[in-house]
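A structural walkthrough
This is what each chain is made of:
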Amino acid sequence: MVRDHGGSESERVGGTAAWAPSHLPPRGVELSPAQELACAVRHLDIVGFSENMTGHVSWQQPGNDTLLVNPWGFWWREATGSSILEVDLDGAVVSGDWDVTPAIHIHTELHRRRPDARVVVHSHPMNAAVLAAVPELPEIVHQNSSILSDEMVLVDDYDGEVDTPLAGGALADAIGDRSVALLVSHGVIVTAPTMQEAVYKSVLFERTCEMHWRLRAFGQKATPIAPVFQNQLKASLIERAADVYWDGAIRQLVATEPDVLD
Ligand SMILES: [Zn+2]
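Please read these numbers as outputs of a predicted model, since none were measured by experiment.

1. Some details on helix α3 (residues 104-113)
With respect to burial, α3 is a largely interior element, 8 of its 10 residues being buried. Buried within α3 are the following residues: I104, H105, I106, H107, T108, E109, L110 and H111. Packed against the buried residues of α3 are β1 (56-59), β2 (67-69), β3 (85-87), β5 (119-123), α5 (165-175) and β8 (187-192).

2. Some remarks on the nonpolar core
When a protein is soluble and globular, its nonpolar side chains tend to lie buried together. With 61 residues, the main nonpolar core has L37 and V188 as its most contacted residues. For this core, the element with the most residues is helix α6 (residues 195-218), which contributes 8 residues. Residues contacting L37, with those up to four places away along its chain left out, are V57, W59, L68, N70 and I84.

3. Observations concerning the environment of L253
For L253, the location among the structural elements is in helix α8 (residues 242-256). You can call L253 partly exposed: it has 19 C-beta atoms within 10 Å. Distance from L253 to V69, taken between C-alpha atoms, is 19 Å for residues 184 residues apart in sequence. Among all residues touching L253, those that are not within four sequence positions of it are C39, R42, H43 and V260.

4. Things to note about the sheet that holds β5
The strands making up a sheet associate through hydrogen bonds between their backbones, and the pairing can be parallel or antiparallel. With mixed pairing, 8 strands are arranged side by side in an open sheet as β4-β3-β2-β1-β5-β8-β7-β6. Every other strand in the sheet has two partners, leaving β4 (93-95) and β6 (152-155) as the edge strands with one partner each. Ignoring which end each strand starts from, the neighbouring axes of this sheet average 25° apart. Sheet topology places β1 next to β2; 2 bridges connect them, and they run antiparallel. Bridge assignment links W59 to a residue of β2, and that residue is L68. Strands in contact with α6 are β1, β5, β7 (180-183) and β8; relative to β8, the strand with the most contacts, it is inclined by about 150°.

5. A closer look at the packing of helix α2 (residues 33-46) against α8
Their axes nearest at 10 Å, the elements α2 and α8 cross at an angle of 85°. In terms of their interaxial angle, α2 and α8 are classed as roughly perpendicular. Of the residues in α8, those in contact with C39, R42 and H43 of α2 are A249, I250 and L253. Its residues assigned to classes, the contact of α2 with α8 shows 4 nonpolar, 1 polar and 1 charged.

Scoring rules and cut-offs
Residues numbered from 1 in each chain as written. Predicted model: local features only at pLDDT ≥ 70, side-chain atom pairs only at ≥ 80, totals over all residues. Buried ≥ 20, exposed ≤ 12 C-beta atoms within 10 Å, placed from the backbone. Helix = DSSP H or I, 4+ residues; strand = E, 2+ residues; numbered from the N terminus. Contact = placed C-beta atoms within 7 Å. Core = buried A, V, L, I, M, F, W, Y, C linked by C-beta atoms within 7 Å. Pairing = 2+ DSSP bridges. Axes fitted to C-alpha atoms, helices over the stretch in contact; angles between N-to-C directions. Parallel < 35°, antiparallel > 145°, perpendicular 65-115°, else oblique. Nonpolar A, V, L, I, M, F, W, Y, C, P; charged D, E, K, R; others polar.

As structure tokens, this is what we get:
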């Protein structure tokens, strides 16, 4: 059934053009970039976007030649502000107490090529790993999955461990201009201009993957969302949900696990 919504579909733009909040709950704490990155790593672990200590989150802030990244060896749930490393675009540690992952080139080559990829999230969350094993991208059958509309790419050529600039560059080239890459037999990469968008998109991708295989297991045919509504929801999710989600995640994390700021 098509309902009369009082305007043409092209007018349904969503985002802050349609509505903007005026009274937002505050984040409640001032964070350094390293503390914010540690919060991202821990939060993603709490919501299931992780596989113990594998994968990393990197953040190259505007104007910086270096990037921040969580170190090799700590589980994501152990992330703290003081454990975060600063590394250069060749993957060498500039400051910090620990080793950097040899898979840092997954991150450096995306940061190098993509001005929009200021944050790069990589891990092997279970539901994405299930679809990576098929391999198959999830369908957009829930409105919050619209943040992934025209963003996903399946990299279906498995080439072993990505531990050199050459391998990282080839992977970045295969990803192209997409912001969510499902890597066959491996995991997922999410890129975004900001930390809040990177975290929110990662969470929604893992949820979308779970919904996809559950619907398949249930034997049901999924109902896709029309492209015009995907575009509307995508704008709203990025422009007026990602920041609210992230501030709320930080409030709850700092309240329950304050050592993340150490
Ligand atoms: Zn990996």
